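Coordinate inspection notes
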Amino acid sequence: MNHKAVISATALAAAMTFSTASHAGATLDAVKEKGHVQCGVTTGLAGFSQSNDKGVWTGIDVDMCRAVAAAVFGDAGKVKFTPLTAKERFTALQSGEIDMLSRNTTWTLTRDSNLGLNFAGVNYYDGQGFLVSKDLGVKSATELDGAAICIQAGTTTELNLADYFRSKGMKYTPITFDRSEETIKAFEAGRCDVLTSDQSQLYALRIQLAKPESAIVLPEVVSKEPLGPVVRNGDEDWFKIVRWSLSAMLNAEELGISSANIDDLKESSTNPNVRRLIGLEGIKGQGLGLPDDWAYSIVKQVGNYSEVFERNVGKGSALGISRGLNALWADGGIQYAPPIR
Amino acid sequence: MPMDNQDQMPSRPPLWNDPDKRALIFQVIVLAAVFAFFAYIFSNTLHNLEKRGISTGFDFLNNEAGFGILMSLIPYDETYTFGRTFLVGLLNTLLVSFLGIILATILGFIIGVARLSNNWLIAKIATVYIETFRNIPLLLQILFWYFAMLPLLPHPRQSVNFSDAFFLNSRGLYLPAPVFESAFLWVLIALFVAIIAVVFLVRWAHKRQAATGQPFHTFWVSLAILVTLPAVAYVVTGMPLNWNLPELKGFNFRGGMTIIPELAALLLALSIYTAAFIAEIVRSGIQAVSHGQTEAAYALGLRPAKTLQLVIIPQAMRVIIPQLTSQYLNLTKNSSLAAAVGYPDLVAVFAGTTLNQTGQAVEIIFMTMMVYLTISLLISLFMNWYNNKMALVER
């Protein structure tokens, strides 16, 4: 809730006030000492991070955290989640409340340069879209002049929306909520004509409606939203661990390594690329300060990028989103990871 | 001889044995320590922020905000600055606090008096009201009013229509907006004159009653003056007031004034919740006035209503006002729960969206805290002044 944001911000002020400088690698040491990765996620967004009635978190962002835990500890279960609203997320990371933020967060210049944050990569390429009720009879976003629009506070969505309507010379009424639950409730209650968010979120929110078929997602995508894990500035060692955890999953998909076949490949593969990823030869985890089998643990316990995608947001999930931009570069998408060698 | 006298004076004690000087020295040391502590905090904060690559300073207030705000009392759109979003949020907070204090006070006094009513039903209803609303967390009440009311309201195209001027739908209550022509100034002047006339009339009536004992129908005569003078001015200057009616264009109504459901829900919840506390304060204030006062008033032949107005309430006010102050402060601070239902108050707009878009947490939280501190101190000052005015004047 909102008061938590204020508490986080106050905590940040306090942290900035009293803390002394930290050395590089401090985050990894601290994580190892406490025995788990503290990861900031959403308060509940299907496909990205959501907890079930037993408190088990699932989602593409959650798997990103679990991959880092697998790389550090060899155990994907050694991760604790902090649910955060869009407004709270950066403060929680800046103040050291969490070790990494994996909360469908858009990589922008302001955030990268002004907030003391580092984006470790892109685990989902998204774009902003519009969800409207079918009764409205709207076919395109250009017909939305004068509409009341529900938004979540503290997102790039708020700015993109303003830019889009300004560039088209159209008027709108923004109704801004803290959490996506309230946003979708207000949309359902008819407070607004349109709900705007990243397209992946719109599909996730749509299946939460009482009648999902009563609403449609308009074809327009009005912005670029590269979403990815974020860490604090000033600790490059930790930054690299998060970045290479993501790269390991992408490389595994590219090399055809999955959680199902990795043990067989470990025994039989003669492909040097595969053997390097599994940690049988090459530099292994040495430079990252990780065990030799760090990438093996990620793929074995969490899966490669394709498994993670399909399980959470793709064919194997209720959302059924196709890979699109998120396909590997070799398959016509733009997901591309530097090689492990 | 003066010289001799001086020789016999005891020599001045050393500094540490002189209690006055010693106290002064300690105070200077404490003050210096406090200053040094805050200077350390300040420089350390700046240093750490810089080290983490978080920019500092208040320059961000001049940057373009780039996001829209649902409701603004002053002109605002995306092209205004972050500094402007501060003002927009501040005014929205002041609006809901001001209206909330007035509504809560009126409602609280009515319920408080009703609780002491001799009518069993009225007294019980007031008791149930107090016990219900006082004991449910405010945040839940705000969410309840918002999400319980919204689905009941129709879509803009099926609005509830009152004589083509007022429309009620899920986007709010649409009212005609007054458009003033320049000649309307005369109507305002007439109203001002009427108010002064009423003040003099009331004074004169008091004096006359004190001198002759004859009552005067002050209320009705005042009302007549207040209505007639501006009305005459309005007609004479040629009715210089137009109404901008809301009309359905596209999805929503354009023109007119809107009371948004977020404001209504927040205001309702704040007033109803705080009124429950005020009612108890009013009850305790009235019960603090000894029953002998009532009996004395009845013995003098005053009716129950006059007794309440002239004898009980003025004495009860001395107990009520100091406690009322803290309820007003609570209401103002509680208005920061607005973000839950999307009402754009200071915390939602400035300590929320603006903080997130700029990342200047330390500066923004500092400014926001200062605003609430200032508002609270101002309310306290005003209420203390009012309390002194109402306090028992001892002769």
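Okay, so let's go over this structure. Nothing here was measured: the structure is a model prediction, and the numbers come from that model.

Here we look at the overall build of chain A
A count of helical and extended segments in chain A gives 13 helices and 14 strands. In terms of overall dimensions, chain A is globule-like: its C-alpha atoms have a radius of gyration of 21 Å, near the 20 Å expected for 341 residues. For chain A, buried positions account for 59% of its 341 residues. Put simply, of all contacts in chain A between residues at least 6 apart along the chain, 73% involve residues at least 24 apart. Entry remark: accessible area of chain A is about 12800 Å², with carbon and sulfur atoms responsible for 51%.

Re the packing of aromatic side chains
Pairs of aromatic rings are described using the distance from one ring centre to the other and the angle between the two planes. Going through the model one piece at a time under the given rule, you end up with 20 aromatic pairs over all chains. When the ring of Phe-37 of chain B is compared with that of Phe-38 of chain B, the centres are 5.5 Å apart and the planes differ by 70°; the resulting orientation is edge-to-face. Among the residues examined, Phe-37 of chain B registers a relative accessible area of 41% and is labelled partly exposed. An aromatic cluster is present here, built from Phe-48, Tyr-124, Tyr-305 and Phe-309 of chain A joined pairwise through their rings.

Focus on the sheet that holds strand S1 (residues 160–162) of chain B
Residue and element names in this part refer to chain B. Ordered by their spatial adjacency, 4 strands build an open sheet running S1-S2-S3-S8, and the pairing between neighbours is antiparallel. Edge strands, defined here as strands with exactly one partner in the open sheet, are S1 and strand S8 (257–259). On average, each strand axis in the sheet is tilted by 15° relative to the strand beside it, whichever way the strands run. Bridge count for strand S2 (residues 166–169) against strand S3 (residues 172–175) is 3 bridges, and the pairing is antiparallel. Note that in S3 the partner of Leu-168 across the bridge is Leu-173.

Examining the pattern of salt bridges
With the rule as written, the count across this model stands at 16 salt bridges over all chains. For Asp-193 of chain A, the salt bridge identified is with Arg-171 of chain B, shortest N-O distance 3.0 Å. Placement of the pair is Asp-193 of chain A in the loop between helix H7 (180–188) and strand S11 (194–198) and Arg-171 of chain B in the loop between S2 and S3, with the two residues belonging to separate chains. By the burial criterion, Asp-193 of chain A is buried, and Arg-171 of chain B matches it.

A closer look at a negative patch on the surface
Residues and elements named next belong to chain A. On the surface, Asp-29, Glu-33, Glu-236 and Asp-237 cluster together to form a negatively charged patch. Where the negative patch is concerned, the elements lending two or more residues are helix H2 (26–34) and helix H9 (236–254). Locating Asp-237 in the fold gives a position in helix H9.

Rules and cut-offs
Residues numbered from 1 in each chain as written. Chains lettered and ligands numbered in written order. Predicted model: local features only at pLDDT ≥ 70, side-chain atom pairs only at ≥ 80, totals over all residues. Heavy atoms only, no water. Helix = DSSP H or I, 4+ residues; strand = E, 2+ residues; numbered from the N terminus. Rg over C-alpha atoms; globule rule 2.2 N^0.38 Å. Buried < 20%, exposed > 50% of the residue type's maximum accessible area, 1.4 Å probe, protein only. Contact = heavy atoms within 4.5 Å. Areas by Shrake-Rupley, 256 points an atom, 1.4 Å probe, with all protein chains shown as cover. Phe/Tyr/Trp six-rings, centres within 6.5 Å; stacked < 30°, edge-to-face > 60°. Pairing = 2+ DSSP bridges. Axes fitted to C-alpha atoms, helices over the stretch in contact; angles between N-to-C directions. Salt bridge = Lys/Arg side-chain N within 4 Å of Asp/Glu carboxyl O. Patch = residues over 30% accessible without salt bridge, like charges linked within 9 Å, V, L, I, M, F, W, Y side chains within 5 Å. Lys, Arg positive; Asp, Glu negative; His and termini not counted. Charge placed at Lys NZ, Arg CZ, Asp CG, Glu CD.

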